[in-house]
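Chain and residue survey
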Amino acid sequence: MTVVPLDDLRAQLEPGQRILGLDLGEKTIGLALSDTSLSIATPLKTLKRGKFKVDAAAVASLIREFGVGALIAGLPLNMDGSEGPSAQSARAFARNFSGISAVPIAFMDERLSTAAVTRTLIDADASRRRRKELVDKMAAAYILQAALDRLKRRL
């Protein structure tokens, strides 16, 4: 399996590779992309969830297109730190994806990421429709940015 601890991820990257962030929801997958210096996360797009093979093929295509060397998947822990069905689903996606790709995957605690992004969008006076369009990819960027910040502190 290519699931690795977040702190070990940087050593597995080649210079110039990017990291792709995933917010694995029930209905959608929010995606965000780092820059090549691994400093800034940018919202990329939102995929409508379908069958695993279709979702995995879309992620694999982005890996090739953008020179991605690793994935950060949000791990939706319960507020007490335990893992519920959503966290198990995220782990299952990573486990299944590692069967088709050698790209390492690390998890990042995503508690309250969607709430934080939603609050930001409300403060920016975004309509409900606009928030629905943006929240998943922005949550992916929020998760990825937290991981990038943590990786920078470890240097």
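Here we summarise the structure given alongside this text.

Spatial strand order, β3-β2-β1-β4-β5: five strands in an open sheet with mixed pairing. One side of each edge strand has no neighbouring strand; the edge strands of this open sheet are β3 (41-48) and β5 (105-109). Taking each pair of neighbouring strands and ignoring which way they run, the sheet shows an average axis angle of 25°. For strand β4 (residues 68-75) and β5, the ladder comprises five bridges, and the chain directions are parallel. Bridging across to β5, Ile72 finds its partner in Ala106.

Working definition: an aromatic ring pair is given by the centre-to-centre distance plus the angle between the planes. Here the structure, examined in full by the defined rule, presents two aromatic pairs. Look at Phe52 and Phe93: their rings are 5.4 Å apart centre to centre, the planes differ by 75°, and that puts the pair in the edge-to-face class. In this pair, Phe52 is assigned in helix α1 (residues 52-66) and Phe93 in helix α2 (residues 85-98), connecting sequence segments 41 residues apart. You can call Phe52 partly exposed: its relative accessible area is 27%. Between Phe93 and Phe97, the aromatic rings sit 6.1 Å apart at their centres with planes inclined by 5°, giving stacked as the arrangement. Note that Phe93 and Phe97 are positioned in helix α2 at a spacing of four residues, about one turn of the helix. Considered together, Phe93 and Phe97 belong to a single accessibility category, that of buried residues. Three or more aromatic residues joined by ring pairs make a cluster, and in this case those are Phe52, Phe93 and Phe97.

Now for unusual backbone geometry. A positive phi angle is found at Leu38, which is not glycine, with a value near 60°. As for its position among the elements, Leu38 is in the loop between β2 (28-34) and β3. For Leu38, a relative accessible area of 7% puts it in the buried group.

Bringing the side chain of Ser101 into the picture now. Mapping Ser101 onto the fold places it in the loop between α2 and β5. Under the relative-accessibility criterion, Ser101 is labelled buried at 15%. From its side chain, Ser101 meets the backbone nitrogen of Val103 in a polar contact 3.2 Å long. The residues touching Ser101, leaving out its near neighbours within four places in the chain, are Thr2 and Ile63.

Moving on, we get to the nonpolar core. Ranked by size, the top nonpolar core spans 24 residues in total, and within it Leu20, Leu22, Val59, Leu71 and Phe97 carry the most contacts. Of all elements in the fold, only β1 (18-24), β2, α1, β4, α2 and β5 reach the threshold of two or more residues within this core. Here this core gets five residues from one element, more than from any other, and that element is α2. Apart from the residues lying within four places of it in its own chain, the contact partners of Val59 are Leu20, Leu22, Leu47, Leu71 and Phe97. Counting residues in hydrophobic clusters, the runner-up holds 19 residues, among them Leu9, Ala70, Ala106 and Ala147.

Turning our eyes to something else, we now look at helix α3 (residues 113-123). Residues of α3 that are buried include every one of Ser113, Val117 and Leu121, and no others. In an axial view of α3, the angular spread of the buried residues amounts to 65°, which keeps them on one side of the axis. Among the residues trailing α3, Asp125 stands out with phi positive, at a value near 65°.

What counts, and at which threshold
Residues numbered from 1 in each chain as written. Predicted model: local features only at pLDDT ≥ 70, side-chain atom pairs only at ≥ 80, totals over all residues. Heavy atoms only, no water. Pairing = 2+ DSSP bridges. Helix = DSSP H or I, 4+ residues; strand = E, 2+ residues; numbered from the N terminus. Axes fitted to C-alpha atoms, helices over the stretch in contact; angles between N-to-C directions. Phe/Tyr/Trp six-rings, centres within 6.5 Å; stacked < 30°, edge-to-face > 60°. Buried < 20%, exposed > 50% of the residue type's maximum accessible area, 1.4 Å probe, protein only. Polar contact = N/O pair within 3.5 Å; in protein donor to acceptor, adjacent residues only side chain to side chain. Contact = heavy atoms within 4.5 Å. Core = buried A, V, L, I, M, F, W, Y, C linked by side-chain atoms within 4.5 Å. Arc of directions from axis to C-beta.

By themselves these figures say nothing about function.
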